[in-house]
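What follows is the residue order along each chain.
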Amino acid sequence: MLWGGMTSIGCKQNPNSSSSADEQEETSTREKRGFMAGSRADNMTVAIESLPKSFAPARADDPFERHVVYNLFEGLVMPASTTREAASPADRVRPGVAQSWEITDEGRTYTFNLRREATWSDGKPIKASDFLYAWKRALDPDREVTNAYVLDVIEGAEAYRRGETEDWNTVGLETPDPYTLVVHLDEPTPHFLEMMTLPVTFPLPRASVQKHGDQWARPEHVQTNGAYDVAEYSPDRGEVLLEARSSYWQSSATDIKEAVFRAISDDTEAIEAYRQGELHWIAGDLSVHAVSEVRDHDDHVREPLLGTVYFQFNPTDGVATHQLEVRRALTRTLSRERIAQNVFDDLVQEAVGLVPPEISNYESFADLEYDVESARTSLEEANLSEKPLELTLLYRHTPDGERLAGAVQEIWHNNLGVDIQPEEVSPENFREALREQNYDIALRSTIAPYADPSAFLAPRHFPLEGWPNREYREIFSELRTVSQIDKRTNLFQEAEEYLLGAAIATPVYHPTSHMLVAESLQGLEPHNRGLHLLKDLSFDETAAFDGEDSNGRSSSDDP
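A few points on the structure. Treat the numbers as computed from the prediction; the structure is a model and nothing was measured.

How each quantity is defined
Residues numbered from 1 in each chain as written. Predicted model: local features only at pLDDT ≥ 70, side-chain atom pairs only at ≥ 80, totals over all residues. Heavy atoms only, no water. Core = buried A, V, L, I, M, F, W, Y, C linked by side-chain atoms within 4.5 Å. Buried < 20%, exposed > 50% of the residue type's maximum accessible area, 1.4 Å probe, protein only. Helix = DSSP H or I, 4+ residues; strand = E, 2+ residues; numbered from the N terminus. Arc of directions from axis to C-beta. Contact = heavy atoms within 4.5 Å. Salt bridge = Lys/Arg side-chain N within 4 Å of Asp/Glu carboxyl O. Pairing = 2+ DSSP bridges. Axes fitted to C-alpha atoms, helices over the stretch in contact; angles between N-to-C directions. Expected span 1.5 Å × (residues − 1). Parallel < 35°, antiparallel > 145°, perpendicular 65-115°, else oblique. Left-handed = near helix turned anticlockwise from the far one by under 90°. Nonpolar A, V, L, I, M, F, W, Y, C, P; charged D, E, K, R; others polar.

### Quick look at the nonpolar core
- The biggest cluster of nonpolar side chains holds 108 residues, and the ones touching the most others in it are Met44, Phe112, Trp135, Ile154, Leu181, Trp281 and Leu457.
- With eight residues, the top contributor of residues to this core is helix 3 (residues 128–139).
- Core analysis: the second largest hydrophobic core is formed by 51 residues, Tyr274, Ile339, Leu347 and Trp412 among them.

Here is the structure:
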């Protein structure tokens, strides 16, 4: 398919070509408001930060990659279209390749019944063996798949992933017939269904992978099983065109037949393209700096995210933050309320703990003390060989990260006389510094892949030498044997209290997703992981431009 031959699917025509009085009046109204969203786009067009490095689901590590991958592939279950009022894990998922499932053995066994009408894009049926093949490949210890740990809850999977056994038959998976997949877990895992929405759990087209190897996910080879196919990939233009799959089991309900994902890394540039009518939707998270000028516009949509931004302190020998008094001094001089208000213009939510309030059945009792005098006393009690104290703060390149780094540099200097040297590093160098513990303070963020306290508190988040220590690990050892919700919650609260008391990490704020969405684009419901599938969306050309769309969206209210 040629780009010049694209047809307009559900999108507005260029207002300059309109001759009717009504259309001219509508164009005039839009221009006065400063936005002409989608009016100059030939297709439904979405801005994301960058194009995926690979279309392979197991390699979709970044949010912007998942915007594309979730439309190309489908797992046993998929994320629900909204997390609004979704109190239980079952409310946060919907059927995918599995049309139904049963949970038995007190939550330890899941039996998935696959739909026979689900196919790959080459027409071949999707079978339970496609999932087994994908999971075995993800758990291969030689492949080092980033998110393969989510499969560790399956009986024997962690031992296989760590290379402790080469016997795949020890992993708790069965296929009684081609369309039934039985999964045996080590222990009851309330959020297991949500874990199955992650791309690393999606099936793979075995024949294609075996034929093309790691090149199977290139645009010219990729076989998909989701609602869309890759129609054209243009990295030079930073664009990928997706086309609805007619053989998809739910294709009759797919309204948007073609969509372009365009890579625009600069938020200001993306907003300008949106103003000029080139985009229908800026997906993902616009920075606070960029969104400030459009925060009151009707097209601005704000969603709370299931995440926490926090500082992690290096507690190992040889660095000043090894001393508990230093770590406590730094944490006690942070007013989260003032940071949310003054640094981020009330466009984020001040932290209530490491676990955000979006997690149901959990309440954080974190004592985030703000006491400058106590902080100064703690620092005086520290056995410092260097005064004034100089510390390096590592952060990844983001406008909001730079803003926060500059703010705490001033806070810690004015309140404690500590000199902070912010150091912006690439994601690769950031991960390496954490792994080798070559830092004093690191600015980190977690956007949880599932709604469970473990996504924020598990020991894997703090892979430090000598930490988490024995007491902390014992809490998680006990958690592996607990199924009662109340007892499980109490243990997580104990773990969070322990972690904060040791001042290994201190939360600052819970992030918020900021998007621009054309009022004519319908079906985009609040989702605290920022997951919105094209197949759920449609266009309403009659959408009003009076500050509220047919979904009742208003720029001044959180969903």
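### Some points on helix 10 (residues 336–343)
- Residues of helix 10 that are buried: Arg336, Ile339, Ala340 and Val343. The buried residues of helix 10 occupy an angular sector of 110° when projected down its axis, which confines them to one face.
- Summarising the contacts, the buried residues of helix 10 are in contact with helix 9 (324–332), strand 14 (349–350), helix 12 (399–416) and strand 18 (505–510).
- With its phi angle positive at about 50°, Asp345 sits one or two positions after the end of helix 10.

### A closer look at the pattern of salt bridges
- Evaluated as defined, the whole model comprises 25 salt bridges.
- A salt bridge links Arg108 to Glu187, with the nearest nitrogen and oxygen atoms 3.5 Å apart. Of this pair, Arg108 sits in the loop between strand 4 (98–104) and strand 5 (109–114) while Glu187 sits in the loop between strand 7 (180–184) and helix 5 (192–195), and the two are 79 residues apart along the sequence.
- Residue Arg108 is classed as partly exposed on the basis of its relative accessible area of 23%.
- For Asp214, the salt bridge goes to Arg137, with nearest N and O atoms at 2.9 Å. You can see Asp214 sitting in the loop between helix 6 (206–212) and strand 8 (228–234) and its partner Arg137 sitting in helix 3, a full 77 residues away along the chain.
- Salt bridges sharing partners connect three or more residues here, namely Glu232, Arg237, Glu239, Arg262 and Glu278.

### What about the sheet that holds strand 4?
- As summarised here, the arrangement of the four strands in space is 4-5-7-6, forming an open sheet in which the pairing is antiparallel. The open sheet has two edge strands, strand 4 and strand 6 (173–177), and neither has a second partner. Averaged over neighbouring strand pairs, the angle between their axes works out to 20° when direction is ignored.
- Bridging between strand 5 and strand 7 involves five bridges; their strand directions are antiparallel. Note that in strand 7 the partner of Asn113 across the bridge is Thr180.
- Against the sheet, helix 3 contacts strand 5, strand 6 and strand 7, and its axis sits at roughly 40° relative to strand 7.

### Side note on helix 16 (residues 485–501)
- The first and last C-alpha atoms of helix 16 sit 24 Å apart over 17 residues, in line with the 24 Å expected at 1.5 Å per residue.
- At the exit of helix 16 stands Ala503, carrying a positive phi of roughly 55°.

### Focus on the packing of helix 9 against helix 11 (residues 372–381)
- Contact geometry for helix 9 and helix 11: axes closest at 8 Å, N-to-C directions at 160°. Classified by the interaxial angle, the pair formed by helix 9 and helix 11 is roughly antiparallel. The element helix 9 and its partner helix 11 pack so that their crossing is left-handed. Contacts between helix 9 and helix 11 involve Glu325, Val326, Ala329 and Arg332 from the first element and Val372, Ser374, Ala375, Ser378, Leu379 and Glu381 from the second.
- Each residue belonging to the contact of helix 9 with helix 11 can be placed in one class, and the counts come to five nonpolar, two polar and three charged.

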